[in-house]
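# Report on the structure
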Amino acid sequence: MKRYFQPEIETMPVEEIKKHQSELLVKQVRHVYDNIEFYRNRMIEAGVAPDDIHGIEDLHKLPFITKDDLRDQYPYGLLAVPLKDCVRMHSTSGTTGRRVVSFYTQHDLDLWEDCCARAIVAAGGTNEDVCHVCYGYGLFTGGPGVNGGSHKVGCLTLPMSSGNTDRQIQFMKDLGSTILCCTPSYAAYLAECINERGARDDIKLKAGIFGAEAWTEEMRHDIEESLGIKAYDIYGLTEISGPGVSFECEEQKGMHINEDHFIAEIIDPKTGEVLPEGKRGELVFTCITKQAFPLLRYRTRDIAILSRKPCSCGRTFVRMSKPLGRSDDMMVVKGVNVFPSQIETVLMNEGYPANYELTVDRVRNSDTIEIKVEMSQEMFDDLKVTTASREKKLVSKLKSMLGIVVDVKLVAPKTIARSEGKAVRIIDKRDLYRS
Ligand code: DLL
């Protein structure tokens, strides 16, 4: 049986979705123009007035907004309602520069939680489920967003937050958690610990909703195997609300974007030109229902592809691919574009666990790239193959994927620090982006 949280919306014919988006866009542009001085000036500079926007066909006339704009307008410069109407704020985890903050009215929280509820139902969740949320709570949107969605579905919600792995496993066993929500790297770590403790038969998990960081199909397969669950992807970003901007259904072929709230575009990151469906480029979102922090044409820097091919689940919302990299934190090493996801694919294909640490440095004007990779226990115990020969093979595989030679250092299992939230796997010592 197909399950939806809001079937009348999630299966709306595409023409109706577009009509709905057009009507809301016109209203939202007026709201933003009237209430955000910064964006009003941007529109005036671009020579576009609210009356020029009649529907989604005019979206391309609006100027973009970037993360730098958000930083410059910190904290309240992009707020579109009086502070007294806001009930919540969240913030990105940015470690450099000013943090990006976003604000919510009660209406904004409601629509965000609906989006997360849709994701939970799409993963098979019902009010009979015990939803174990170990995304971080606090400034990070992961915990609070999924928590709110889980309430709406009627699941018994365990607001675990991240960390304290022993306690996570204990509650999972004692309370019979059926849906696990956390970052994929933490899910992989939990799976490792559960299997190590021989606790796999004591847990009742059936599904996982994992996102907030890049993960590969290979990693999905590993997690599904080691926990005996179906693992669903969920995408989102603080600036646009948080988790639930898009989510996977049982097809697991891309994430449906909640188009009744967000209009998605793909642009060429260099020229800003809007690209047709099926082309790879930077994802841009326009919020058409948010009140407090309604960004228009926000450049996410996430690289993705959109598809309107019909989905067998019956949802009509456009699907986005997994983010295929970032147009900004893509690294240029020895003149070559390197995406962490490429490295992960090689490691997974070669049977390595997803625990690695990549360090990029610059020595005498030349880039160096070293990757420390954990061996699996079986590799470590297998004395027939030397570490040196394993390293040599990985160097060659990475060279064919990336086009450059990477120094590989294999290390013993469980020697690379585990993360409870988003994994920090890339250390770029070159400081190329510091102004
Ligand atoms: O990571 C919101 C979130 C929480 C999403 C929990 C999913 C689950 P930020 O901290 O603002 O918000 O980071 C947003 O994380 O632009 C992507 O680069 C990356 N990201 C988020 N979800 C995925 C995903 C949350 N499923 C940034 N796959 C985004 C790959 C993801 N990258």
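Because the structure is predicted, anything quoted here is derived from the model rather than measured.

### Quick word on the environment of Gln252
Take Gln252: it is sitting in the loop between strand 8 (242-248) and strand 9 (255-257). Along the sequence, Gln252 and Ala123 sit 129 residues apart, while their C-alpha atoms lie 9.9 Å from each other. With near-sequence residues (within four places) excluded, Gln252 lies in contact with Arg220, Glu224, Lys230, Ala231 and Tyr232. Polar side-chain contacts of Gln252 include one of 2.7 Å to the backbone oxygen of Ala231.

### Quick notes on the site of the ligand
Around the ligand there are 21 residues in total, and Asp233, Ile234, Thr238, Asp302 and Lys422 lie nearest to it. Taking Glu213, its main chain carries an N or O atom lying 3.2 Å from a nitrogen atom of the ligand. At 2.5 Å, a side-chain N or O of Thr238 approaches an oxygen atom of the ligand. Alone, the ligand offers 610 Å² of accessible surface; in the complex the protein occludes 92% of this. Examining the composition of the shell around the ligand, we find that five residues originate from one element, strand 7 (residues 230-237), more than from any other. Class assignment for the residues of the shell around the ligand results in nine nonpolar, six polar and six charged.

### Focus: the layout of surface pockets
Its boundaries defined by the atoms lining it, the second largest pocket holds a volume of some 720 Å³. Looking at the lining of the second largest pocket, the elements that each hand over two or more residues are helix 8 (184-196), helix 9 (217-227), strand 16 (356-363) and helix 11 (377-381). Grouping the constituent residues of the lining of the second largest pocket by class yields 16 nonpolar, nine polar and eight charged. Inspection of the lining of the second largest pocket shows a minimum of three residues originating in each of domain 1 (1-324) and domain 2 (331-433).

### Notes on the packing of helix 8 against helix 9
Any two packed helices are characterised by how steeply their axes cross, that is the angle between the axes, and by the distance between the axes. Between helix 8 and helix 9, the least distance of the axes is 9 Å, while the angle of their chain directions is 30°. When the axis of helix 8 is compared with that of helix 9, the two are roughly parallel. For the crossing formed where helix 8 meets helix 9, the hand is left-handed. Mapping the contact onto sequence places Pro184, Ser185, Ala187, Ala188, Ala191, Ile194 and Asn195 in helix 8 and Met219, Ile223, Ser226 and Leu227 in helix 9. Here the residues of the contact of helix 8 with helix 9 sort into eight nonpolar, three polar and no charged.

### Overview of the domain arrangement of the protein
We note that the domain assignment places domain 1 (1-324) and domain 2 (331-433) within the protein. With centres defined by C-alpha atoms, the gap from domain 1 to domain 2 works out at 30 Å. Each side of the interface is counted separately: domain 1 has 20 residues, and domain 2 has 16 residues. For the pairing of domain 1 and domain 2, the buried interface totals around 1,500 Å² over both sides, and the portion due to carbon and sulfur atoms is 54%. Of all residues in domain 1, Glu192, Thr216 and Glu218 give up the largest surface area on contact with domain 2, accounting jointly for 26% of the area buried on that side. There are three salt bridges connecting domain 1 and domain 2.

### Quick notes on the environment of Asn195
The topology assignment puts Asn195 in helix 8. Along the primary structure Asn195 and Glu224 are separated by 29 residues, whereas in three dimensions their C-alpha atoms are 13 Å apart. Excluding residues that lie within four positions of it along the chain, Asn195 makes contacts with Arg200 and Ser226.

### Focus: the sheet that holds strand 4 (residues 156-159)
Overall, mixed pairing links the eleven strands, which are arranged 4-3-5-6-7-8-9-13-12-11-10 in an open sheet. Strands with a single pairing partner mark the edges of an open sheet, and in this sheet they are strand 4 and strand 10 (262-267). Two strands pair when backbone bridges link them, and strand 3 (residues 130-133) and strand 5 (residues 179-182) are joined in this way by three bridges, in the parallel orientation. Note on strand 5: the bridge partner recorded for His132 is Leu180.

### Description of the pairing of strand 16
Put simply, side chains in a regular strand alternate between the two faces of the sheet. In terms of strand pairing, strand 16 meets strand 17 (residues 366-374) through eight bridges, oriented antiparallel. By the bridge assignment for strand 17, Leu358 is matched with Ile371. Linking strand 16 back to strand 17 in an antiparallel pair, the connection comprises two residues, with Arg364 at a positive phi of about 45°. As paired strands, strand 16 and strand 19 (residues 426-428) are joined by three bridges and run parallel to one another. If you follow Leu358 over to strand 19, its bridge partner there is Ile426.

### Brief notes about helix 3 (residues 37-46)
All buried positions along helix 3 are accounted for by Phe38, Tyr39 and Met43. For helix 3, the buried positions fall inside an angular range of 135° around the axis, keeping them on one side. Exposed residues lying more than 90 degrees from the buried face of helix 3 are Glu37, Ile44 and Glu45. For helix 3, the elements touching its buried residues are helix 2 (14-35) and helix 4 (67-72).

### Observations regarding helix 12 (residues 387-402)
Taking 1.5 Å of rise per residue, the 16 residues of helix 12 would be expected to cover 22 Å, and the 22 Å separating its terminal C-alpha atoms lies within 8% of that figure. Along helix 12, the positions that sit buried rather than exposed are Arg390, Leu394, Leu398 and Leu402. On an axial view of helix 12, the arc spanned by its buried residues comes to 85°, and they lie on one face. With respect to the buried face of helix 12, the exposed residues turned more than 90 degrees away are Ala388, Lys392 and Ser400. A positive phi of about 85° marks Gly403, the residue just after helix 12.

Thresholds applied
Residues numbered from 1 in each chain as written. Predicted model: local features only at pLDDT ≥ 70, side-chain atom pairs only at ≥ 80, totals over all residues. Heavy atoms only, no water. Helix = DSSP H or I, 4+ residues; strand = E, 2+ residues; numbered from the N terminus. Contact = heavy atoms within 4.5 Å. Polar contact = N/O pair within 3.5 Å; in protein donor to acceptor, adjacent residues only side chain to side chain. Near = heavy atom within 4 Å. Areas by Shrake-Rupley, 256 points an atom, 1.4 Å probe, with all protein chains shown as cover. Nonpolar A, V, L, I, M, F, W, Y, C, P; charged D, E, K, R; others polar. 1 Å grid on protein atoms, 1.4 Å probe; cavity = no way out; pocket = protein on both sides within 12 Å on 5 of 7 lines; lining within 4 Å. Points joined across faces, edges and corners; volume = space filled by probe spheres on them. Domains from an automatic or database assignment. Axes fitted to C-alpha atoms, helices over the stretch in contact; angles between N-to-C directions. Parallel < 35°, antiparallel > 145°, perpendicular 65-115°, else oblique. Left-handed = near helix turned anticlockwise from the far one by under 90°. Buried area = accessible area lost by both parts, 1.4 Å probe. Salt bridge = Lys/Arg side-chain N within 4 Å of Asp/Glu carboxyl O. Pairing = 2+ DSSP bridges. Buried < 20%, exposed > 50% of the residue type's maximum accessible area, 1.4 Å probe, protein only. Arc of directions from axis to C-beta. Expected span 1.5 Å × (residues − 1).

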